[in-house]
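# Breakdown of the fold
This is what each chain is made of:
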Amino acid sequence: MARMEQLIGYVLLAGVVASAAVVAVGGAIYLLGHGATTIDYTTFRGVPGTYAQVRGILDSTRAFSGRGIIQLGLLLLVAVQVLRVALTLWLFRRSGDRHFVWISLFVLLGLLYSLLGHGA
Amino acid sequence: MPVIVFSLLVFAVAYAAGLLGAMTGLGGGVVLVPVLVLLFHVNIHYAMGASLIAVMATSSGAAAAFIKEGYTNLRVGMFLEMAAVVGAIGGAVLAAHLQPQVIAIVFGAMLLISAALSYRKRHTEHAPRPPHPWALALRLADRSDGDERSVEYPIYRVPAGFGLMAVAGALSGLLGIGSGAVKVLAMDQAMGLPYKVSTATSNFIIGITAAASAGVYLSHGYIDPGVTMPVMLGVLAGAVGGARILVGARLDVLRIVFSLVIFALGVEMLYNGLTGAF
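For chain B, the count of helices and strands is 11 helices and zero strands. Listing every helix and strand of chain B by position from the N terminus yields α-α-α-α-α-α-α-α-α-α-α. A buried classification covers 56% of the 278 residues belonging to chain B. A separation of at least 24 residues holds for 83% of the contacts in chain B among residues at least 6 apart in sequence. When the accessible surface of chain B is totalled, it reaches about 10600 Å², and 69% of it is carbon and sulfur.

As structure tokens, this is what we get:
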């Protein structure tokens, strides 16, 4: 079981690397295309739906938008966290820890509520 | 300023934060929001979004190392995370309704308290007393694998730990930070877990708590690609770098420097928040 726990750790590591890679690619495209533009983040205007909702992010990615791809990478990172809980839940199931299956399920549902109910 | 200049500067700063955080183990993320806001004049909401992402990234990256050491207690972690997730969603929703000034003031206060607390004794020895009934009922301390080398440790004051976790979650959602310090506090001080278990378990659940706020942040448009990209990449690069530098390299000096930096930033945030500079 300790090995299964370690599996979670490695999946997380792989997930972060993948996410960072996507963000880096998106970042490169963004900088190449918009590097010289002046940017001002002092006022809060809110990120537009193209970069704040899953559908918009996927569309932007398909259009090879640097910013869209960055957001995709970030979504990936969030997905890794959900995976973290799901894998732990699975581990508890495997070891017959029924109480903790329910506990993990609660956490998982909380995460999903936040992401689906409020997010995209 | 031009995007490229902004990105490079933010990357450099985030790198330093990641480096410091990895070397001192004090979580460099907490300085990201103040530095972005005070130095780069980035609106606090964008800063919170970027910081939250950085927290998720470093927590995930370090997870493999922490789990390998074997001190992570998934049971205690998940159990406490129930409270943290609820707190985080609440905190994030609250953040969306508060004036930036208020968030800045809370942030400043939090930084000052952190700076003060970092001088406390790391781990107080508890007088022997019976473990909390909840801990026994849920078998929180048992290793799920029945590992022979598992160390049994008594767990106390579970409700208090639970409550502190909710606070940690709320702070995380409200400020875009990891609240690792509060989590370790809950486990170490309130529940009496061995320090290594507290830090490892805290690292494991920090990313989950951050993700709980992420949905709210995303839908409110706090997570901007232009700000988040250099922050995330910088922090990760710094953390990787920090993990490689000699661990013994004057850690005590670094910790003191870090506390002073946090204190200074706290004062600045508080001052700017109170004088309405946001």
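Okay, back to it.
Before going further, it helps to examine the overall build of chain A. Within chain A one finds five helices and zero strands. When the elements of chain A are put in sequence order from the N terminus, they spell out α-α-α-α-α. Computed over C-alpha atoms, the radius of gyration of chain A comes to 18 Å, more than 25% over the 14 Å expected from 2.2 N^0.38 for 120 residues, which places it beyond the range of a compact globule. Considering only intrachain contacts with a sequence separation of at least 6, the fraction spanning at least 24 residues in chain A is 59%. Carbon and sulfur atoms provide 67% of the accessible area of chain A, an area that totals close to 6100 Å². Put simply, chain A has 9 plus and 4 minus side-chain charges, and the middle of one group is 7 Å from the middle of the other.

Residue and element names in this part refer to chain B. A grouping of Met1, Ile4, Val5, Leu8 and Leu9 is seen on the molecular surface, where their side chains present a nonpolar patch of about 410 Å² in accessible area. The topology assignment puts Leu8 in helix H1 (residues 3–24). The class of Leu8 is exposed, set by a relative accessible area of 56%.

A few words on helix H7 (residues 158–175) of chain B. The end-to-end C-alpha distance of H7(B), which contains 18 residues, comes to 25 Å, matching closely the 26 Å that a straight helix rising 1.5 Å per residue would cover. Among the residues of H7(B), those classed as buried are B:Val158, B:Gly161, B:Met165, B:Ala168, B:Gly169, B:Leu171, B:Ser172, B:Gly173, B:Leu174 and B:Leu175.

Further remarks concern the side chain of B:Ser7. Take B:Ser7: it is sitting in helix H1. Here the side chain of B:Ser7 touches B:Val3 through a polar contact of 2.8 Å, landing on its backbone oxygen. If near-sequence neighbours (up to four positions away) are discounted, B:Ser7 is found in contact with A:Leu31, B:Met229 and B:Pro230.

The phi dihedral of A:Phe64 falls on the positive side, at around 60 degrees, and the residue is not glycine. Positive phi, close to 60 degrees, is recorded for B:Ser179, a residue that is not glycine. Relative to the assigned elements, B:Ser179 resides in the loop between H7 and helix H8 (180–190).

This next bit is on the interface of chain B and chain A. With 63 residues of chain B at the interface, the matching set in chain A holds 61 residues. The junction of chain B with chain A conceals about 5200 Å² of combined surface from both sides, 74% of it contributed by carbon and sulfur atoms. Looking at the side of chain B facing chain A, the largest losses of area belong to B:Val3, B:Met78 and B:Pro225, adding up to 12% of the total buried there. On inspection of chain B and its partner chain A, the count reaches one salt bridge. Along the contact surface separating chain B from chain A lie 18 residue pairs in polar contact (both at pLDDT 80 or more). Elements represented by at least two residues in the side of chain B that touches chain A include exactly H1, helix H3 (44–69), helix H4 (74–97), helix H9 (195–219) and helix H10 (225–244) of chain B. Residues of the side of chain B that touches chain A, tallied by class, amount to 38 nonpolar, 18 polar and seven charged.

Residue and element names in this part refer to chain B. The contact between H7 and H9 brings their axes to 9 Å, and the two run at 45 degrees. One element, H7, and the other, H9, form an angle in the oblique class. The interaxial crossing formed by H7 with H9 has right-handed handedness. Facing Met165, Gly169, Ser172, Gly173, Leu174 and Leu175 of H7, the residues of H9 in contact are Ile205, Thr209, Ala210, Ser213 and Tyr217. Residues that form the contact of H7 with H9 fall into these classes: six nonpolar, five polar and no charged.

If you trace the backbone, A:Arg84 turns up in helix H4 (residues 66–94). Separated by 2.9 Å, the side chains of A:Arg84 and B:Ser59 make a polar contact. Filtering out sequence-adjacent residues up to four positions away, A:Arg84 remains in contact with A:Leu12, B:Met56, B:Ser59, B:Ser60, B:Ala63, B:Asn203, B:Phe204, B:Gly207 and B:Ile208.

The next thing to look at is the confidence of the model for chain A. Summarising the model, chain A shows a mean pLDDT of 89, and 97% of its residues fall at 70 or more. Predicted confidence in chain A is weakest over helix H2 (residues 49–52) of chain A, with a mean pLDDT of 84, and strongest over H4(A), with 94.

Here we take up the pattern of salt bridges. Using the criterion set out here, one finds two salt bridges over all chains in the structure. Of the charged contacts in the structure, one is a salt bridge between A:Arg62 and A:Asp59, with a shortest N-O distance of 3.2 Å. Linking A:Arg62 with A:Asp59, this pair stays in helix H3 (residues 54–62), spanning three residues, or about one helical turn. According to the relative accessible area criterion, A:Arg62 is exposed, its value standing at 62%. With its nearest N and O atoms 2.4 Å apart, the salt bridge here joins A:Asp97 to B:Arg75. Here B:Arg75 lies in helix H4 and A:Asp97 lies in the loop between H4 and helix H5 (98–118), a pairing that spans two chains. Note on accessibility: A:Asp97 and B:Arg75 belong to one class, buried.

Cut-offs used in this document
Residues numbered from 1 in each chain as written. Chains lettered and ligands numbered in written order. Predicted model: local features only at pLDDT ≥ 70, side-chain atom pairs only at ≥ 80, totals over all residues. Heavy atoms only, no water. Helix = DSSP H or I, 4+ residues; strand = E, 2+ residues; numbered from the N terminus. Buried < 20%, exposed > 50% of the residue type's maximum accessible area, 1.4 Å probe, protein only. Contact = heavy atoms within 4.5 Å. Areas by Shrake-Rupley, 256 points an atom, 1.4 Å probe, with all protein chains shown as cover. Rg over C-alpha atoms; globule rule 2.2 N^0.38 Å. Lys, Arg positive; Asp, Glu negative; His and termini not counted. Charge placed at Lys NZ, Arg CZ, Asp CG, Glu CD. Patch = residues over 30% accessible without salt bridge, like charges linked within 9 Å, V, L, I, M, F, W, Y side chains within 5 Å. Salt bridge = Lys/Arg side-chain N within 4 Å of Asp/Glu carboxyl O. Expected span 1.5 Å × (residues − 1). Polar contact = N/O pair within 3.5 Å; in protein donor to acceptor, adjacent residues only side chain to side chain. Buried area = accessible area lost by both parts, 1.4 Å probe. Nonpolar A, V, L, I, M, F, W, Y, C, P; charged D, E, K, R; others polar. Axes fitted to C-alpha atoms, helices over the stretch in contact; angles between N-to-C directions. Parallel < 35°, antiparallel > 145°, perpendicular 65-115°, else oblique. Left-handed = near helix turned anticlockwise from the far one by under 90°. pLDDT = per-residue confidence, 0-100.

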